[in-house]
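As a plain string of letters, each chain reads:
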Amino acid sequence: MSDQNTPALQDPSVGQIMGILTGYWQAKTLLTAAESDLFTALSGSSTTAGELSERLGYRMPGASDFLLALSGMGLVHAEEGGTFRNTAVAERYLVRGRPEFIGGYLQFCERELNPAWNGLDAALRTGMPQNPAARSGNPYASLYADREATDSFLDSMDMLNTPLLERLGALDWSDYGSFVDVGGARGNVARHLVQEHPHLKGTVFDLPQLEEPFAAYMASLGDDGRVSFHGGDFFKDALPEADVLIFGHVLHNWGADDRRKLLRSAYHAVRPGGAVVVYDPMVSNSRPPLYATLAALSMLVWSSGGGEYSVAECHAWLEEAGFRPETVGPEDTPDDVVVIGRKQR
């Protein structure tokens, strides 16, 4: 039986190794272009390498090779006559000001995540994160210290979470009247849920540094008062009481003992007959796909003991805390897996 993570059997070739190596070069090319706002400069028009160089402060002939590399990656069209323009995917996701702009996440990767990846060998040998902020207990400390970087990162996170909103909204909320989104940032998920289910009242529980971004975001959407903010540290402070507690992209930031602690805290905060909702990129087999293992390594180098985990492990932690778990799915895909733990009345 073939391994789903490896190509079909073929004659060994150094090209396979070089292809992996150039993946790093491609990522650096993309991140450099995004950092200089190249795609925004190209938006809606065609220009030559020389003209773009003058605008961005590049020098020829390197700028021409740079644009040709972006063309080979499918992000820029190289046109006859020596001009360049954005491809559809770059125009949609890499132009500042577009609704689906992911520049904030690319900035996070370049400034926060990738430097930690440089310490992968040390993380493997010591089990310790290579992100200085994580060593002090909060991997987000340096990111949230910069308001502009925070807003840009949260913009991207809201966009990347958008496909999940429909699935969360489609859950049966009829028996519940309130929820707390633990680590809910500026309230994108919470706002969606109260819009989909007007009978719900929501609370975002997150670090106090995010109260101002939360208030600004809610005001931009026309705050109707049905989502409030509760600042705190979930390892030090009691979680607010509600019918449902949500842990979205939270548990994978921490080690197994901390996950157990958070779910025990959730059990005390969830009212009888209520539930906890967990979503993360979980897997259900012993040979997870490449995306899951790379995500796990990202958590290893960047977070405080974090990593990806299996559906079975999530069920076990929920049962240990007192919940009755069930998987909503989907499993073994790049999408997040949603697991619900129900509390008896």
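Quick caveat, the model's predicted, so the values are computed rather than measured. (Residues numbered from 1 in each chain as written. Predicted model: local features only at pLDDT ≥ 70, side-chain atom pairs only at ≥ 80, totals over all residues. Heavy atoms only, no water.)

**Student:** Looking at this structure, how should I read the overall build of the protein chain?
**Tutor:** The helix and strand tally for the protein chain stands at 15 helices and ten strands. Here the C-alpha atoms of the protein chain give a radius of gyration of 22 Å, agreeing with the 20 Å that 2.2 N^0.38 yields for 345 residues. Sequence separation of 24 or more characterises 67% of the internal contacts of the protein chain that already satisfy a separation of 6 or more. Roughly 17,300 Å² of accessible area belongs to the protein chain as shown, and the carbon and sulfur atoms make up 53% of that amount. One finds the centroid of the 27 positive side-chain charges in the protein chain at a distance of 4 Å from the centroid of its 45 negative side-chain charges. (Helix = DSSP H or I, 4+ residues; strand = E, 2+ residues; numbered from the N terminus. Rg over C-alpha atoms; globule rule 2.2 N^0.38 Å. Contact = heavy atoms within 4.5 Å. Areas by Shrake-Rupley, 256 points an atom, 1.4 Å probe, with all protein chains shown as cover. Lys, Arg positive; Asp, Glu negative; His and termini not counted. Charge placed at Lys NZ, Arg CZ, Asp CG, Glu CD.)

**Student:** It is not clear to me how the pattern of salt bridges should be interpreted in this structure. Could you clarify?
**Tutor:** As a working rule, side chains carrying opposite charge can pair if their charged atoms are close by. Inspection of every chain in the model, using the stated rule, returns 18 salt bridges. Between aspartate 224 and arginine 226 there is a salt bridge, with its nearest N and O atoms 3.2 Å apart. Exposure remark for aspartate 224: the relative accessible area of 38% places this residue in the partly exposed category. A relative accessible area of 18% means that arginine 226 is categorised as buried. Note that aspartate 243 is salt-bridged to arginine 271, the shortest N-O span being 3.4 Å. Of the two residues, aspartate 243 is situated in strand β7 (residues 242–248) and arginine 271 in strand β8 (residues 270–280); the sequence distance between them amounts to 28 residues. Salt bridges sharing partners connect three or more residues here, namely Arg147, Asp151 and Glu212. (Salt bridge = Lys/Arg side-chain N within 4 Å of Asp/Glu carboxyl O. Buried < 20%, exposed > 50% of the residue type's maximum accessible area, 1.4 Å probe, protein only.)

**Student:** Looking at this structure, I do not really get the confidence of the model for the protein chain. What am I missing?
**Tutor:** Per-chain confidence: the protein chain averages 90 in pLDDT, with 95% of residues scoring 70 or above. Per-residue pLDDT, averaged within each element of the protein chain, yields its smallest value for helix α9 (residues 141–144) (82) and its largest for strand β4 (residues 178–182) (98). (pLDDT = per-residue confidence, 0-100.)

**Student:** Please explain the environment of leucine 239 as it appears in this structure.
**Tutor:** Within the secondary structure, leucine 239 is located in the loop between β6 (227–231) and β7. Note: C-alpha distance between leucine 239 and alanine 269 (30 residues apart in sequence) is 6.0 Å.

**Student:** I keep staring at the nonpolar core and nothing clicks. Help me out?
**Tutor:** Soluble globular proteins tend to bury their nonpolar side chains together. Judged by nonpolar contacts, the single largest core of 42 residues is most densely connected at Leu168, Trp173, Phe179, Leu193, Ile246 and Trp302. With six residues, helix α10 (residues 147–169) is the single largest residue contributor to this core. With residues up to four places along the chain from it excluded, the contact list for tryptophan 173 reads Leu168, Phe179, Leu193, His197, His199, Leu200, Val244 and Ile246. (Core = buried A, V, L, I, M, F, W, Y, C linked by side-chain atoms within 4.5 Å.)

**Student:** It is not clear to me how the sheet that holds strand β9 (residues 324–329) should be interpreted in this structure. Could you clarify?
**Tutor:** Two strands in a sheet stick together by hydrogen bonds in their backbones, pointing the same way (parallel) or opposite ways (antiparallel). Read across the open sheet, the seven strands follow the order β6-β5-β4-β7-β8-β10-β9; overall the sheet is mixed. Every interior strand has two partners, whereas the edge strands, β6 and β9, have only one. Sheet twist, expressed as the average angle between the axes of neighbouring strands with direction ignored, equals 20°. Pairing between β4 and β7: four bridges, direction parallel. The partner of phenylalanine 179 across the bridge, within β7, is valine 244. In the packing of helix α13 (residues 256–269) onto the sheet, the strands contacted are β7 and β8, and the crossing angle to β8 comes to about 145°. Of the strands in this sheet, β8, β9 and β10 (337–342) are in contact with helix α15 (residues 311–321), which crosses β9 at around 150°. (Pairing = 2+ DSSP bridges. Axes fitted to C-alpha atoms, helices over the stretch in contact; angles between N-to-C directions.)

**Student:** How should the sheet that holds strand β3 (residues 83–86) be read in this particular structure?
**Tutor:** Strands sit in the order β1-β3-β2 across an open sheet of three strands; the sheet is antiparallel. Across the chains shown, the open sheet's two edge strands, defined by having one partner strand only, are β1 (47–48) and β2 (76–78). Bridge count between β2 and β3: three bridges; the pairing is antiparallel. Note that in β3 the partner of histidine 77 across the bridge is arginine 85.

**Student:** Please clarify how a nonpolar patch on the surface should be interpreted in this entry.
**Tutor:** Together, Val14, Ile17, Met18, Leu21, Tyr24 and Trp25 line one region of the surface with nonpolar side chains, adding up to about 650 Å² of accessible area. Looking at tyrosine 24, the relative accessible area reads 56%, which means it is exposed. (Patch = residues over 30% accessible without salt bridge, like charges linked within 9 Å, V, L, I, M, F, W, Y side chains within 5 Å.)

**Student:** What exactly am I supposed to notice about the side chain of glutamate 112 here?
**Tutor:** With respect to the secondary-structure elements, glutamate 112 resides in helix α6 (residues 103–117). It turns out glutamate 112 is buried and unbridged, and the closest side chain with the opposite charge, arginine 111, is 8.0 Å from it. Contacts of glutamate 112, omitting those with residues within four sequence positions, involve Gln107, Asn131, Ser142, Leu143 and Trp302.

**Student:** What exactly am I supposed to notice about the pairing of β7 here?
**Tutor:** Side chains on a regular strand alternate between the two faces of the sheet. Burial of β7 is extensive: seven of the seven residues sit out of reach of the surface. With six bridges connecting them, β7 and β8 associate as parallel partners. Residue leucine 245 lies in a different strand from β8, and its bridge partner there is valine 276. Crossover handedness for the path β7 to α13 to β8: right-handed. (Right-handed = clockwise from strand over helix to strand, strands pointing away.)

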